[in-house]
Amino acid sequence: MKLATTRSVTLIGVKGAVIDIEVHIGGMPGFYMVGLPDVSLNEARERVRAAVLSSNEEWPLQRITVNLSPAWLPKRGSQFDLGLAVAILAAEGDVPPVATDDVVYIGELALDGRVRPVRGVLSAVLAASAAGLTRVVVPAANVAEARLVPDMSVLGVRSLGHLLALMRGEPVPDEPDDETDDPPAQTAVGGETVDMNEIAGQIEAKRAVEIAAAGRHHVLFTGAPGAGKTMLATRLPGLLPDLEAGESLEVTAIHSVAGVLAADQPLVTRPPLAAPHHSASVAAVVGGGGRVIRPGAASVAHRGVLFLDEAPEFRAGVLESLRQPLESGEVAIARVEAAATLPARFQLVLAANPCKCGFHGSTERDCVCPPDTVRRYQNKISEPMRDRIDLQLSVQAPNLATFEDDLAAAEPTKIIADRVAEARERAGKRLAGSAWRVNGDVPGPVIRRRFAPSAAAVEQLHRYVQKGTLSARGADRVLRVAWTIADLEGHDAPTSNDVNEAAGLRMGRQM
(Lines give C-alpha, C1' and ligand atoms only; values in the text may rest on other atoms or scores of the structure.)
Protein backbone atom coordinates (compact mmCIF):
# COMPACT_ATOMS: atom_id res chain seq x y z
CA MET A 1 0.00 0.00 0.00
CA LYS A 2 1.30 3.42 -1.01
CA LEU A 3 0.11 6.02 1.47
CA ALA A 4 1.46 9.38 2.67
CA THR A 5 0.20 12.48 4.50
CA THR A 6 1.32 16.09 4.43
CA ARG A 7 -0.22 19.25 5.82
CA SER A 8 -1.33 22.59 4.46
CA VAL A 9 -3.72 25.37 5.57
CA THR A 10 -7.10 26.56 4.32
CA LEU A 11 -8.24 30.13 4.91
CA ILE A 12 -11.76 31.13 5.93
CA GLY A 13 -11.87 34.91 6.02
CA VAL A 14 -8.60 35.88 7.73
CA LYS A 15 -8.38 32.76 9.90
CA GLY A 16 -6.55 29.58 8.95
CA ALA A 17 -7.16 25.90 9.69
CA VAL A 18 -4.59 23.13 9.29
CA ILE A 19 -5.59 20.50 6.72
CA ASP A 20 -4.22 16.96 6.33
CA ILE A 21 -3.51 16.00 2.71
CA GLU A 22 -3.81 12.22 2.58
CA VAL A 23 -2.69 10.46 -0.62
CA HIS A 24 -3.28 6.83 -1.56
CA ILE A 25 -1.83 5.36 -4.75
CA GLY A 26 -3.07 2.10 -6.25
CA GLY A 27 -5.45 0.75 -8.90
CA MET A 28 -6.30 1.85 -12.43
CA PRO A 29 -4.87 5.23 -13.50
CA GLY A 30 -6.88 8.27 -12.44
CA PHE A 31 -6.90 11.23 -10.08
CA TYR A 32 -9.65 11.75 -7.53
CA MET A 33 -9.88 14.42 -4.83
CA VAL A 34 -12.41 14.40 -1.99
CA GLY A 35 -12.98 16.55 1.09
CA LEU A 36 -14.89 19.60 -0.23
CA PRO A 37 -12.28 21.03 -2.65
CA ASP A 38 -13.36 24.04 -4.71
CA VAL A 39 -12.79 24.51 -8.45
CA SER A 40 -9.32 26.07 -8.08
CA LEU A 41 -8.23 23.21 -5.85
CA ASN A 42 -9.62 20.57 -8.21
CA GLU A 43 -7.51 22.15 -10.93
CA ALA A 44 -4.43 21.42 -8.83
CA ARG A 45 -4.21 17.95 -10.38
CA GLU A 46 -3.07 19.46 -13.69
CA ARG A 47 -0.67 21.96 -12.13
CA VAL A 48 0.88 19.37 -9.83
CA ARG A 49 1.27 16.76 -12.59
CA ALA A 50 2.97 19.23 -14.93
CA ALA A 51 5.21 20.56 -12.14
CA VAL A 52 6.30 17.04 -11.12
CA LEU A 53 7.14 16.08 -14.70
CA SER A 54 8.93 19.41 -15.31
CA SER A 55 11.07 18.67 -12.23
CA ASN A 56 12.29 15.42 -13.87
CA GLU A 57 10.28 13.25 -11.51
CA GLU A 58 8.08 10.30 -12.48
CA TRP A 59 4.30 10.65 -12.27
CA PRO A 60 2.52 7.56 -10.84
CA LEU A 61 0.65 5.62 -13.52
CA GLN A 62 -1.90 4.40 -11.00
CA ARG A 63 -5.04 5.70 -9.34
CA ILE A 64 -4.26 8.66 -7.05
CA THR A 65 -6.85 9.32 -4.35
CA VAL A 66 -6.50 12.51 -2.33
CA ASN A 67 -8.48 13.13 0.86
CA LEU A 68 -8.48 16.59 2.46
CA SER A 69 -9.24 16.25 6.16
CA PRO A 70 -11.30 17.34 8.02
CA ALA A 71 -13.70 16.58 5.20
CA TRP A 72 -16.48 18.92 6.41
CA LEU A 73 -14.32 22.07 6.15
CA PRO A 74 -14.38 23.86 2.75
CA LYS A 75 -10.97 24.05 1.04
CA ARG A 76 -10.16 26.78 -1.44
CA GLY A 77 -7.14 28.20 -3.21
CA SER A 78 -3.93 27.09 -4.86
CA GLN A 79 -1.77 27.06 -1.70
CA PHE A 80 -2.29 23.27 -1.42
CA ASP A 81 -0.23 22.54 -4.58
CA LEU A 82 3.14 22.14 -2.89
CA GLY A 83 1.85 19.87 -0.11
CA LEU A 84 -0.06 17.78 -2.65
CA ALA A 85 3.04 17.26 -4.81
CA VAL A 86 5.16 16.25 -1.80
CA ALA A 87 2.47 13.84 -0.57
CA ILE A 88 2.26 12.11 -3.98
CA LEU A 89 6.04 11.76 -4.24
CA ALA A 90 6.23 10.58 -0.62
CA ALA A 91 3.60 7.90 -1.30
CA GLU A 92 5.77 6.70 -4.19
CA GLY A 93 8.80 6.61 -1.89
CA ASP A 94 10.63 9.32 -3.82
CA VAL A 95 11.27 11.54 -0.80
CA PRO A 96 12.46 10.66 2.72
CA PRO A 97 9.64 9.97 5.23
CA VAL A 98 10.97 12.72 7.51
CA ALA A 99 9.90 15.25 4.87
CA THR A 100 6.26 14.72 5.79
CA ASP A 101 6.62 14.66 9.58
CA ASP A 102 4.84 17.67 11.10
CA VAL A 103 5.73 19.98 8.20
CA VAL A 104 3.23 22.43 6.72
CA TYR A 105 3.54 23.13 2.99
CA ILE A 106 2.16 26.35 1.47
CA GLY A 107 2.63 27.38 -2.13
CA GLU A 108 1.22 27.37 -5.65
CA LEU A 109 3.04 25.42 -8.38
CA ALA A 110 3.65 26.73 -11.88
CA LEU A 111 3.64 24.23 -14.74
CA ASP A 112 7.45 24.36 -14.94
CA GLY A 113 7.81 23.53 -11.24
CA ARG A 114 8.35 27.05 -9.86
CA VAL A 115 6.74 27.82 -6.50
CA ARG A 116 4.66 30.97 -6.73
CA PRO A 117 3.75 33.23 -3.79
CA VAL A 118 0.22 33.10 -2.41
CA ARG A 119 -2.02 35.30 -0.30
CA GLY A 120 -2.52 34.82 3.42
CA VAL A 121 0.82 33.21 4.30
CA LEU A 122 1.01 34.96 7.67
CA SER A 123 -2.50 33.79 8.62
CA ALA A 124 -1.60 30.27 7.48
CA VAL A 125 1.61 30.17 9.51
CA LEU A 126 -0.18 31.56 12.57
CA ALA A 127 -2.73 28.75 12.23
CA ALA A 128 0.10 26.20 11.98
CA SER A 129 1.73 27.64 15.10
CA ALA A 130 -1.59 27.54 16.99
CA ALA A 131 -1.88 23.85 16.05
CA GLY A 132 1.48 23.15 17.67
CA LEU A 133 3.46 22.77 14.43
CA THR A 134 6.89 24.37 14.20
CA ARG A 135 8.09 23.78 10.63
CA VAL A 136 6.71 25.34 7.47
CA VAL A 137 7.77 25.44 3.81
CA VAL A 138 6.66 28.52 1.86
CA PRO A 139 7.47 30.23 -1.46
CA ALA A 140 10.74 32.18 -1.34
CA ALA A 141 8.82 35.42 -1.95
CA ASN A 142 6.77 34.84 1.23
CA VAL A 143 9.66 34.00 3.60
CA ALA A 144 9.89 37.41 5.29
CA GLU A 145 6.15 37.33 6.00
CA ALA A 146 6.24 33.78 7.39
CA ARG A 147 9.18 34.57 9.68
CA LEU A 148 7.10 37.13 11.56
CA VAL A 149 5.64 34.23 13.56
CA PRO A 150 7.82 33.50 16.62
CA ASP A 151 9.40 30.08 17.18
CA MET A 152 8.61 28.89 13.66
CA SER A 153 11.23 27.25 11.43
CA VAL A 154 10.64 28.62 7.93
CA LEU A 155 12.09 27.25 4.71
CA GLY A 156 11.64 29.25 1.51
CA VAL A 157 11.86 27.41 -1.81
CA ARG A 158 11.96 28.68 -5.39
CA SER A 159 10.76 25.50 -7.08
CA LEU A 160 9.69 21.93 -6.50
CA GLY A 161 13.13 20.84 -7.70
CA HIS A 162 14.75 23.12 -5.13
CA LEU A 163 12.66 21.56 -2.35
CA LEU A 164 13.35 17.97 -3.46
CA ALA A 165 17.10 18.64 -3.60
CA LEU A 166 17.06 19.93 -0.03
CA MET A 167 15.04 16.91 1.12
CA ARG A 168 17.43 14.45 -0.52
CA GLY A 169 20.64 16.25 0.42
CA GLU A 170 21.46 16.84 -3.25
CA PRO A 171 23.00 19.97 -4.83
CA VAL A 172 20.44 22.74 -5.15
CA PRO A 173 19.66 23.52 -8.81
CA ASP A 174 20.75 26.91 -10.11
CA GLU A 175 17.52 28.66 -10.96
CA PRO A 176 17.04 32.33 -11.95
CA ASP A 177 14.79 34.51 -9.85
CA ASP A 178 11.39 35.14 -11.41
CA GLU A 179 10.51 38.82 -11.23
CA THR A 180 6.88 38.07 -12.07
CA ASP A 181 6.40 36.26 -8.78
CA ASP A 182 6.17 39.40 -6.66
CA PRO A 183 2.94 39.74 -4.67
CA PRO A 184 0.41 42.35 -5.80
CA ALA A 185 1.33 46.00 -5.33
CA GLN A 186 0.31 47.67 -2.09
CA THR A 187 -2.96 49.59 -2.16
CA ALA A 188 -3.27 50.36 1.55
CA VAL A 189 -0.81 52.98 2.79
CA GLY A 190 0.42 54.33 6.05
CA GLY A 191 -0.13 57.94 6.91
CA GLU A 192 3.32 59.54 7.09
CA THR A 193 3.92 60.48 3.44
CA VAL A 194 2.14 63.84 3.87
CA ASP A 195 2.45 66.48 6.59
CA MET A 196 -0.04 68.68 8.41
CA ASN A 197 2.12 71.76 7.78
CA GLU A 198 1.11 71.58 4.13
CA ILE A 199 -2.40 72.76 5.07
CA ALA A 200 -2.82 76.52 5.32
CA GLY A 201 -5.35 77.92 7.77
CA GLN A 202 -8.20 75.50 8.55
CA ILE A 203 -7.70 75.98 12.29
CA GLU A 204 -11.00 74.38 13.36
CA ALA A 205 -10.69 71.50 10.89
CA LYS A 206 -7.12 70.70 11.98
CA ARG A 207 -8.24 70.86 15.59
CA ALA A 208 -10.94 68.31 14.76
CA VAL A 209 -8.37 66.01 13.11
CA GLU A 210 -6.18 66.23 16.23
CA ILE A 211 -9.13 65.40 18.50
CA ALA A 212 -10.13 62.53 16.23
CA ALA A 213 -6.62 61.07 16.37
CA ALA A 214 -6.39 61.43 20.17
CA GLY A 215 -9.70 59.70 20.89
CA ARG A 216 -10.26 57.54 17.79
CA HIS A 217 -13.39 59.46 16.85
CA HIS A 218 -15.21 59.30 13.51
CA VAL A 219 -15.36 62.46 11.38
CA LEU A 220 -17.57 63.98 8.68
CA PHE A 221 -16.14 66.89 6.68
CA THR A 222 -18.60 68.90 4.58
CA GLY A 223 -17.44 71.63 2.22
CA ALA A 224 -17.16 72.91 -1.31
CA PRO A 225 -14.75 71.29 -3.79
CA GLY A 226 -11.19 72.41 -3.10
CA ALA A 227 -11.82 73.27 0.56
CA GLY A 228 -9.21 70.73 1.72
CA LYS A 229 -11.37 67.83 2.93
CA THR A 230 -9.20 65.15 1.31
CA MET A 231 -5.97 66.78 2.49
CA LEU A 232 -7.23 66.71 6.07
CA ALA A 233 -8.41 63.10 5.89
CA THR A 234 -5.24 61.69 4.37
CA ARG A 235 -3.11 63.30 7.08
CA LEU A 236 -5.00 61.72 9.97
CA PRO A 237 -3.06 58.39 9.95
CA GLY A 238 0.20 60.31 10.40
CA LEU A 239 -1.03 61.57 13.78
CA LEU A 240 -1.77 58.08 15.09
CA PRO A 241 0.80 56.16 17.17
CA ASP A 242 2.64 53.16 15.78
CA LEU A 243 0.89 49.82 15.95
CA GLU A 244 1.86 47.59 18.86
CA ALA A 245 3.43 44.20 18.16
CA GLY A 246 0.19 42.22 18.34
CA GLU A 247 -1.67 44.82 16.30
CA SER A 248 1.03 44.73 13.62
CA LEU A 249 0.69 40.97 13.20
CA GLU A 250 -3.10 41.27 13.12
CA VAL A 251 -3.09 44.00 10.46
CA THR A 252 -0.34 42.32 8.43
CA ALA A 253 -2.32 39.07 8.34
CA ILE A 254 -5.38 40.90 7.02
CA HIS A 255 -3.35 42.70 4.35
CA SER A 256 -1.75 39.43 3.31
CA VAL A 257 -5.12 37.73 2.79
CA ALA A 258 -6.44 40.81 0.99
CA GLY A 259 -3.43 40.84 -1.33
CA VAL A 260 -2.31 44.39 -0.48
CA LEU A 261 0.84 43.60 1.51
CA ALA A 262 3.88 45.35 0.06
CA ALA A 263 6.71 43.03 -1.01
CA ASP A 264 9.30 45.32 0.60
CA GLN A 265 7.37 45.74 3.86
CA PRO A 266 6.35 42.33 5.23
CA LEU A 267 5.27 43.82 8.59
CA VAL A 268 2.76 46.67 8.78
CA THR A 269 3.86 48.94 11.63
CA ARG A 270 1.86 52.09 10.88
CA PRO A 271 -1.94 52.54 10.95
CA PRO A 272 -3.20 51.93 7.41
CA LEU A 273 -5.38 54.13 5.25
CA ALA A 274 -7.96 52.57 2.92
CA ALA A 275 -9.81 54.83 0.49
CA PRO A 276 -12.17 52.91 -1.83
CA HIS A 277 -13.72 54.64 -4.84
CA HIS A 278 -17.36 55.69 -4.54
CA SER A 279 -18.31 53.07 -7.16
CA ALA A 280 -17.17 50.24 -4.83
CA SER A 281 -19.65 47.48 -4.00
CA VAL A 282 -20.73 46.32 -0.56
CA ALA A 283 -18.41 43.30 -0.81
CA ALA A 284 -15.48 45.54 -1.77
CA VAL A 285 -16.03 47.79 1.24
CA VAL A 286 -17.07 45.43 4.06
CA GLY A 287 -15.81 42.14 2.60
CA GLY A 288 -17.43 39.01 1.28
CA GLY A 289 -17.61 37.68 -2.23
CA GLY A 290 -19.11 34.55 -3.73
CA ARG A 291 -17.58 31.26 -2.62
CA VAL A 292 -14.44 32.86 -1.19
CA ILE A 293 -14.78 35.34 1.68
CA ARG A 294 -12.24 38.13 1.24
CA PRO A 295 -11.57 41.14 3.49
CA GLY A 296 -12.92 44.45 2.22
CA ALA A 297 -11.65 47.98 2.67
CA ALA A 298 -13.14 48.12 6.19
CA SER A 299 -10.87 45.26 7.26
CA VAL A 300 -7.87 46.58 5.33
CA ALA A 301 -8.35 49.78 7.39
CA HIS A 302 -8.38 47.79 10.66
CA ARG A 303 -6.46 49.75 13.35
CA GLY A 304 -6.26 52.65 10.88
CA VAL A 305 -8.48 54.96 8.84
CA LEU A 306 -11.25 54.22 6.35
CA PHE A 307 -11.74 57.29 4.17
CA LEU A 308 -14.83 57.61 1.98
CA ASP A 309 -14.39 60.59 -0.31
CA GLU A 310 -17.55 61.91 -2.00
CA ALA A 311 -19.52 59.92 0.59
CA PRO A 312 -23.02 60.76 -0.77
CA GLU A 313 -21.99 59.22 -4.10
CA PHE A 314 -21.59 55.79 -2.47
CA ARG A 315 -24.59 53.53 -2.80
CA ALA A 316 -26.89 53.65 0.21
CA GLY A 317 -26.36 49.96 0.91
CA VAL A 318 -22.59 50.49 1.13
CA LEU A 319 -22.87 53.27 3.70
CA GLU A 320 -25.47 51.44 5.77
CA SER A 321 -23.36 48.26 5.78
CA LEU A 322 -20.78 50.16 7.84
CA ARG A 323 -23.14 50.71 10.76
CA GLN A 324 -22.43 47.27 12.26
CA PRO A 325 -18.61 47.51 12.24
CA LEU A 326 -18.76 51.07 13.56
CA GLU A 327 -20.41 49.68 16.71
CA SER A 328 -18.81 46.23 17.05
CA GLY A 329 -15.42 46.60 15.35
CA GLU A 330 -15.97 43.53 13.18
CA VAL A 331 -17.88 42.32 10.12
CA ALA A 332 -19.85 39.07 10.28
CA ILE A 333 -20.27 37.44 6.85
CA ALA A 334 -22.29 34.28 6.27
CA ARG A 335 -22.37 32.18 3.12
CA VAL A 336 -23.99 28.83 2.37
CA GLU A 337 -20.69 26.96 2.69
CA ALA A 338 -18.88 29.07 5.28
CA ALA A 339 -19.10 31.96 7.71
CA ALA A 340 -16.37 34.31 8.85
CA THR A 341 -15.89 37.23 11.21
CA LEU A 342 -13.49 39.84 9.86
CA PRO A 343 -11.80 42.42 12.12
CA ALA A 344 -12.86 45.98 11.19
CA ARG A 345 -12.03 48.40 14.00
CA PHE A 346 -11.30 51.53 12.00
CA GLN A 347 -11.73 55.29 12.21
CA LEU A 348 -14.26 56.43 9.64
CA VAL A 349 -13.67 59.73 7.84
CA LEU A 350 -16.35 60.92 5.43
CA ALA A 351 -15.93 63.82 3.04
CA ALA A 352 -18.99 65.27 1.34
CA ASN A 353 -20.01 68.21 -0.79
CA PRO A 354 -22.99 70.12 0.67
CA CYS A 355 -25.01 69.60 -2.52
CA LYS A 356 -24.81 68.14 -6.00
CA CYS A 357 -23.03 71.14 -7.49
CA GLY A 358 -20.90 71.48 -4.36
CA PHE A 359 -21.44 75.15 -3.54
CA HIS A 360 -24.48 75.28 -1.25
CA GLY A 361 -23.67 77.85 1.45
CA SER A 362 -20.42 78.86 -0.27
CA THR A 363 -19.32 82.50 -0.38
CA GLU A 364 -17.21 81.86 -3.47
CA ARG A 365 -19.86 80.73 -5.94
CA ASP A 366 -23.62 80.55 -6.14
CA CYS A 367 -25.36 77.19 -5.71
CA VAL A 368 -27.52 76.15 -8.68
CA CYS A 369 -29.30 73.29 -6.87
CA PRO A 370 -33.02 73.61 -5.96
CA PRO A 371 -33.76 73.23 -2.21
CA ASP A 372 -35.29 69.77 -2.68
CA THR A 373 -32.18 68.62 -4.54
CA VAL A 374 -29.95 69.90 -1.74
CA ARG A 375 -32.04 68.10 0.89
CA ARG A 376 -32.07 64.81 -1.04
CA TYR A 377 -28.33 64.97 -1.59
CA GLN A 378 -27.58 65.60 2.09
CA ASN A 379 -29.97 62.82 3.13
CA LYS A 380 -27.90 60.27 1.21
CA ILE A 381 -25.94 60.04 4.45
CA SER A 382 -28.75 58.82 6.69
CA GLU A 383 -29.45 60.14 10.16
CA PRO A 384 -28.63 56.77 11.81
CA MET A 385 -25.27 56.92 10.05
CA ARG A 386 -24.67 60.54 11.03
CA ASP A 387 -25.63 59.68 14.61
CA ARG A 388 -22.61 57.37 14.79
CA ILE A 389 -20.15 60.08 13.72
CA ASP A 390 -18.60 62.03 16.59
CA LEU A 391 -17.26 65.10 14.77
CA GLN A 392 -19.29 66.82 12.04
CA LEU A 393 -18.06 70.14 10.74
CA SER A 394 -18.07 72.36 7.71
CA VAL A 395 -14.72 73.00 6.02
CA GLN A 396 -14.21 76.40 4.38
CA ALA A 397 -11.70 77.10 1.64
CA PRO A 398 -8.48 78.78 2.86
CA ASN A 399 -8.17 82.55 2.68
CA LEU A 400 -5.99 83.32 -0.33
CA ALA A 401 -5.07 86.74 1.08
CA THR A 402 -3.32 85.17 4.08
CA PHE A 403 -2.41 81.83 2.47
CA GLU A 404 1.38 82.21 2.67
CA ASP A 405 1.32 83.43 6.26
CA ASP A 406 -1.06 80.64 7.28
CA LEU A 407 1.17 78.05 5.62
CA ALA A 408 4.26 79.36 7.40
CA ALA A 409 2.46 79.18 10.77
CA ALA A 410 1.12 75.65 10.26
CA GLU A 411 2.32 73.04 12.76
CA PRO A 412 4.08 69.91 11.43
CA THR A 413 2.65 66.44 11.95
CA LYS A 414 5.38 65.53 14.48
CA ILE A 415 4.36 68.23 16.98
CA ILE A 416 0.66 67.40 16.75
CA ALA A 417 1.38 63.67 16.95
CA ASP A 418 3.31 64.23 20.19
CA ARG A 419 0.25 65.95 21.71
CA VAL A 420 -1.93 63.09 20.51
CA ALA A 421 0.42 60.57 22.14
CA GLU A 422 0.31 62.46 25.44
CA ALA A 423 -3.49 62.61 25.35
CA ARG A 424 -3.71 58.90 24.64
CA GLU A 425 -1.36 58.21 27.54
CA ARG A 426 -3.66 60.12 29.90
CA ALA A 427 -6.69 58.25 28.60
CA GLY A 428 -4.82 54.95 28.91
CA LYS A 429 -4.05 55.55 32.57
CA ARG A 430 -7.67 56.46 33.31
CA LEU A 431 -8.98 53.39 31.43
CA ALA A 432 -6.34 50.99 32.81
CA GLY A 433 -7.81 47.63 33.76
CA SER A 434 -10.79 48.03 31.44
CA ALA A 435 -11.42 46.65 27.96
CA TRP A 436 -10.98 50.11 26.38
CA ARG A 437 -7.90 52.12 25.56
CA VAL A 438 -9.23 55.28 23.91
CA ASN A 439 -12.23 57.49 24.64
CA GLY A 440 -13.95 56.71 21.35
CA ASP A 441 -14.37 53.06 22.37
CA VAL A 442 -15.94 53.60 25.80
CA PRO A 443 -19.68 52.67 25.80
CA GLY A 444 -22.19 55.38 26.61
CA PRO A 445 -23.50 53.79 29.84
CA VAL A 446 -19.93 53.54 31.16
CA ILE A 447 -19.28 57.19 30.32
CA ARG A 448 -22.39 58.24 32.24
CA ARG A 449 -21.76 56.01 35.28
CA ARG A 450 -18.00 56.09 35.73
CA PHE A 451 -16.77 59.13 33.85
CA ALA A 452 -19.62 61.64 34.06
CA PRO A 453 -18.43 65.30 34.14
CA SER A 454 -19.82 67.69 36.73
CA ALA A 455 -23.42 68.85 36.47
CA ALA A 456 -22.26 72.38 35.64
CA ALA A 457 -20.12 71.10 32.76
CA VAL A 458 -23.00 69.26 31.10
CA GLU A 459 -25.77 71.78 31.77
CA GLN A 460 -25.86 73.07 28.19
CA LEU A 461 -25.63 69.50 26.84
CA HIS A 462 -28.79 68.54 28.74
CA ARG A 463 -30.62 71.46 27.13
CA TYR A 464 -29.75 70.15 23.66
CA VAL A 465 -31.16 66.73 24.57
CA GLN A 466 -34.34 68.20 26.04
CA LYS A 467 -34.93 70.32 22.90
CA GLY A 468 -34.47 67.26 20.71
CA THR A 469 -31.53 68.72 18.79
CA LEU A 470 -29.29 65.96 20.13
CA SER A 471 -30.14 62.30 20.64
CA ALA A 472 -29.14 60.27 23.68
CA ARG A 473 -26.57 58.45 21.54
CA GLY A 474 -25.29 61.82 20.34
CA ALA A 475 -24.95 63.07 23.91
CA ASP A 476 -22.85 60.03 24.79
CA ARG A 477 -20.59 60.75 21.83
CA VAL A 478 -20.26 64.39 22.87
CA LEU A 479 -19.08 63.24 26.30
CA ARG A 480 -16.50 60.93 24.68
CA VAL A 481 -15.16 63.83 22.63
CA ALA A 482 -15.20 66.10 25.70
CA TRP A 483 -12.96 63.64 27.55
CA THR A 484 -10.56 63.62 24.59
CA ILE A 485 -10.44 67.42 24.59
CA ALA A 486 -9.78 67.34 28.34
CA ASP A 487 -6.90 64.89 27.77
CA LEU A 488 -5.42 67.18 25.11
CA GLU A 489 -5.72 70.19 27.42
CA GLY A 490 -4.38 68.34 30.47
CA HIS A 491 -7.62 68.63 32.48
CA ASP A 492 -8.49 66.06 35.12
CA ALA A 493 -12.12 66.05 33.91
CA PRO A 494 -14.02 67.81 31.13
CA THR A 495 -14.85 71.44 31.86
CA SER A 496 -17.90 73.26 30.51
CA ASN A 497 -15.68 74.69 27.77
CA ASP A 498 -14.54 71.17 26.82
CA VAL A 499 -18.13 69.92 26.66
CA ASN A 500 -19.30 72.94 24.69
CA GLU A 501 -16.46 72.58 22.19
CA ALA A 502 -17.32 68.89 21.77
CA ALA A 503 -20.99 69.75 21.26
CA GLY A 504 -20.06 72.38 18.70
CA LEU A 505 -17.98 69.89 16.74
CA ARG A 506 -20.83 67.40 16.90
CA MET A 507 -23.70 69.74 16.03
CA GLY A 508 -21.99 72.42 14.00
CA ARG A 509 -24.54 72.09 11.21
CA GLN A 510 -27.44 72.52 13.69
CA MET A 511 -26.20 75.24 16.11
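Further up the page is the structure itself.
On a predicted model such as this, the values are computed, not experimentally measured, just so you know. (Residues numbered from 1 in each chain as written. Predicted model: local features only at pLDDT ≥ 70, side-chain atom pairs only at ≥ 80, totals over all residues. Heavy atoms only, no water.)

### Concerning unusual backbone geometry
Formally: Labels follow the DSSP assignment, with helices taken as runs of H or I lasting at least four residues and strands as runs of E lasting at least two, numbered in each case from the N terminus. A 1.4 Å probe rolled over the protein chains alone gives each residue an accessible area, and that area as a share of the maximum for its type sets the label: buried under 20%, exposed over 50%, partly exposed in between.
Cis geometry marks the peptide bond from S69 to P70; its omega dihedral reads 5°. Within the secondary structure, P70 sits in the loop between β4 (63-69) and α3 (81-91). The phi torsion at N56 lies on the positive side, around 65°, for a residue other than glycine. For N56, the position within the fold is in the loop between α2 (44-54) and β4. With relative accessibility at 73%, the residue N56 sits in the exposed group. With a phi close to 55°, D151 is a non-glycine residue in the positive phi region. Mapped onto the elements, D151 comes out in the loop between α5 (143-146) and β9 (153-157).

### Some remarks on helix α20 (residues 472-489)
Condition: The span expected for a helix works out to 1.5 Å for each residue beyond the first.
The terminal C-alpha atoms of α20 lie 26 Å apart, and with 18 residues this matches the ideal 26 Å at 1.5 Å per residue to within 8%. Burial of α20 is extensive: 15 of the 18 residues sit out of reach of the surface. G490 occupies a position one or two residues after α20 and carries a positive phi of about 80°.

### As for the nonpolar core
The line we're drawing: Buried Ala, Val, Leu, Ile, Met, Phe, Trp, Tyr and Cys residues form a nonpolar core when they are joined through side-chain atoms within 4.5 Å. Contacts were defined at the residue level, with two residues in contact if any of their heavy atoms lie within 4.5 Å.
Counting residues in each nonpolar core, the largest one holds 96 residues, and the members touching the most others are V23, L84, L306 and L322. Here this core takes nine residues from α3, the largest share from any one element. Those residues in contact with V23 that sit more than four places away from it in its chain are K2, L3, A4, I64, T65, V66, L84, A87, I88 and A91. If you look at the next biggest cluster of nonpolar residues, it comprises 53 residues, including L240, A351, L393 and I447.

### Comments concerning the pattern of salt bridges
The test is simple: In what follows, salt bridge is the name for a side-chain nitrogen of Lys or Arg lying within 4 Å of a carboxyl oxygen of Asp or Glu.
Inspection of every chain in the model, using the stated rule, returns 33 salt bridges. In this structure, E244 engages R437 in a salt bridge whose closest nitrogen and oxygen atoms are separated by 2.6 Å. Of this pair, E244 sits in the loop between α8 (229-235) and α9 (245-258) while R437 is found in the loop between α17 (413-430) and α18 (444-450), placing the two residues 193 residues apart along the sequence. Judged by its relative accessible area of 44%, E244 falls in the partly exposed class. Ionic pairing is found between R473 and D387, a salt bridge with its closest N-O pair at 3.2 Å. Taken as a pair, R473 in helix α20 and D387 in the loop between α15 (383-386) and β16 (391-394) lie far apart in primary sequence, 86 residues in all.

### What about the pairing of β4?
Note the following rule: Two strands pair if DSSP finds at least two bridges between them.
Judged by which residues are buried, β4 turns out to be one-sided: I64, V66 and L68 face inward and are buried, whereas R63, T65, N67 and S69, on the alternate face, are not. Of the strand pairs in this sheet, strand β2 (residues 15-25) and β4 are connected by six bridges, and their pairing is antiparallel. The residue of β4 that forms the bridge with V23 is V66. Summarising the sheet, strand β3 (residues 30-34) and β4 pair through five bridges and their orientation is parallel. Among the inter-strand pairings, V34 is bridged to a residue of β4, identified as N67.

### Some remarks on the packing of α3 against helix α6 (residues 160-168)
Heads up, the condition is: Between the N-to-C directions of two axes lies an angle of 0 to 180 degrees, each axis being a line fitted to C-alpha atoms and, for a helix, fitted only over the stretch in contact. Angle categories: roughly parallel below 35 degrees, roughly antiparallel above 145, roughly perpendicular from 65 to 115, and oblique for all the rest. In this scheme the crossing of two helices becomes right-handed for a clockwise turn of the near helix relative to the far one and left-handed for an anticlockwise turn of less than a right angle. Classification used: nonpolar for Ala, Val, Leu, Ile, Met, Phe, Trp, Tyr, Cys and Pro, charged for Asp, Glu, Lys and Arg, polar for all others including Gly.
Where α3 meets α6, the closest approach of the two axes is 11 Å, and the angle between their N-to-C directions is 50°. The pairing of α3 with α6 is recorded here as oblique in orientation. Judged by the twist between their axes, the crossing of α3 over α6 is right-handed. The residues of α6 that touch α3, namely those facing L82, A85, V86 and L89, are L160, L163, L164 and M167. Within the contact of α3 with α6, the residues separate by chemical class into eight nonpolar, no polar and no charged.

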